[in-house]
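Per-entry structural report
The primary structure of each chain is shown beneath.
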Amino acid sequence: MKDNWYDLIEKLKNVVSEDRILYSVPMKEHTSMRVGGAARMLILPSNREEIVEAVKMLHSMDIPYYVVGNGTNLIVSDEGYPGVIIKFAENYSDIHVDGCEITALAGASLASVSNAAMRNSLSGLEFASGIPGTIGGAVTMNAGAYNCEMKDVVIETSCIDEHGNELLLKGDEHDFGYRSSRIQKEKLIVVEVKMRLQRGNISDIKEKMMYFNACRREKQPLDMPSAGSVFKRPRGFYAGRLIEDAGLKGYRIGGAMVSEKHCGFIVNTGNATANDVIKLIEYVKERVFQNSGVMLEHEVKILGG
Ligand SMILES: Cc1cc2nc3c(=O)[nH]c(=O)nc-3n(C[C@H](O)[C@H](O)[C@H](O)COP(=O)(O)OP(=O)(O)OC[C@H]3O[C@@H](n4cnc5c(N)ncnc54)[C@H](O)[C@@H]3O)c2cc1C
């Protein structure tokens, strides 16, 4: 590890309040898959200045960092992460509604942003109300469901680059693709997102949200830890169907299992390690390729290892 680490701790304390700097943090407590070793440090910034200053400091001291939201699309290796995790959650989650526009800080949950939209009779985010991530994670991943994606509603994103420079992405500058964005490619940090929605009828919006969430409860293994759909949807196929056709429904490696309810999900049956999950991802890819000739690509992010 870098010998400037203690230096960093002292300097960070001048930027982020001490109670929001955590040490040796088990990442299984910050990811929905509930696996993964410890991050050397985790910080919870609560304003933009803290983020900018922390990033500048980490960059200048050549200390690795990684941004997380709710950790619902993330597997951290059992070896953990030898750097600083910058986490956006309740610590940075204000939501502001102005006419048809909603502005949310990166750590706001999609559920709370969608609910704010509904309460203000704004339609367009119903699809997102059951996705368990933050708005920052959702824009980065261009999260989507039920034929809608974040790109349909996002108009502006305030970001910070690795030098601590602030930049504003508008419209096409996001370069959104299927579960991808310029933010991922350039490793930008999302701090604030502005969305434009349409006026709607509150009870229609509520009904649609309830319908989508009922579909999720029916089809997805929401009672077990997972990272959602592990694989991207291959053109012309469904990953879950290909996995089932390869005979892998319920297949286990250690404590990781291909869900019996939805084969596109890998679930933690209780004592899985990150290694079990990663090995199972690779095994599924191999078997699906042998069976169908389709090479699956994982959507979940794997950190470390
Ligand atoms: C049960 C379940 C159902 C799901 N259903 C769906 C679904 O229907 N559709 C869908 O698209 N996804 C789904 N997901 C996956 C996941 O919820 C989404 O991808 C979500 O948008 C991730 O947000 P997060 O805050 O958890 O991001 P994280 O998992 O914390 O991070 C994901 C990636 O985004 C980056 N990131 C996070 N926050 C920021 C930020 N502020 N700035 C820059 N980069 C950032 C991280 O570095 C990482 O690379 C599901 C997951 C689960 C567990």
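A brief report on the enclosed structure follows. (Residues numbered from 1 in each chain as written. Predicted model: local features only at pLDDT ≥ 70, side-chain atom pairs only at ≥ 80, totals over all residues. Heavy atoms only, no water.)

Let us now look at the packing of helix α1 (residues 5-12) against helix α2 (residues 48-60). For any two helices packed against each other, one specifies the crossing angle of their axes together with the interaxial distance. Direction vectors running N to C along α1 and α2 enclose 165 degrees, while the axes themselves pass 11 Å from each other. Of the possible angle classes, the one that applies to α1 and α2 is roughly antiparallel. With respect to the hand of their crossing, α1 and α2 are arranged in right-handed fashion. Every residue of α2 that contacts α1 at Leu8, Lys11 and Leu12 is listed here: Ala54, Met57 and Leu58. (Axes fitted to C-alpha atoms, helices over the stretch in contact; angles between N-to-C directions. Helix = DSSP H or I, 4+ residues; strand = E, 2+ residues; numbered from the N terminus. Parallel < 35°, antiparallel > 145°, perpendicular 65-115°, else oblique. Left-handed = near helix turned anticlockwise from the far one by under 90°. Contact = heavy atoms within 4.5 Å.)

Under the defined criterion, the tally for this structure stands at zero disulfides. The closest cysteine sulfur to the non-disulfide-bonded Cys100 is located on Cys148, 17 Å from its own sulfur. The thiol of Cys148 is unpaired, and the distance to the nearest cysteine sulfur, on Cys215, comes to 13 Å. Among the residues examined, Cys148 registers a relative accessible area of 29% and is labelled partly exposed. (Disulfide = S-S within 2.5 Å. Buried < 20%, exposed > 50% of the residue type's maximum accessible area, 1.4 Å probe, protein only.)

By size, the foremost hydrophobic cluster in this structure holds 56 residues, and its most contacted members are Leu8, Leu125, Ile135, Met150 and Met195. If you tally residues by element for this core, the top one is α2, at six residues. Inspection of this core shows a minimum of three residues originating in each of domain 1 (5-90) and domain 2 (93-204). Beyond its immediate sequence surroundings of up to four residues, Leu125 is in contact with Val113, Ser114, Ala117, Met150, Val153, Met195 and Leu197. Counting residues in hydrophobic clusters, the runner-up holds 26 residues, among them Ala227, Cys263, Val277 and Val300. (Core = buried A, V, L, I, M, F, W, Y, C linked by side-chain atoms within 4.5 Å. Domains from an automatic or database assignment.)

A few words on the pattern of salt bridges. Summed over the entire model, instances satisfying the criterion amount to 17 salt bridges. In this structure, the salt-bridge partner of Arg48 is Glu166, at a minimum N-O distance of 2.9 Å. Taken together, the positions of Arg48 in helix α2 and Glu166 in strand β12 (residues 166-170) put the pair 118 residues apart, joining distant regions of the chain. What makes Arg48 partly exposed here is its relative accessible area of 25%. Classification of Glu166 by relative accessible area gives partly exposed; the value is 48%. For the salt bridge of Lys194 with Glu101, the shortest nitrogen-to-oxygen distance reads 3.8 Å. Here Lys194, found in strand β13 (residues 189-196), pairs with Glu101, found in strand β7 (residues 101-105); they are 93 residues apart in sequence, far enough to count as distant. When salt bridges that share partners are traced, they join Glu149, Lys151, Asp152, Arg179 and Glu299 into one network. (Salt bridge = Lys/Arg side-chain N within 4 Å of Asp/Glu carboxyl O.)

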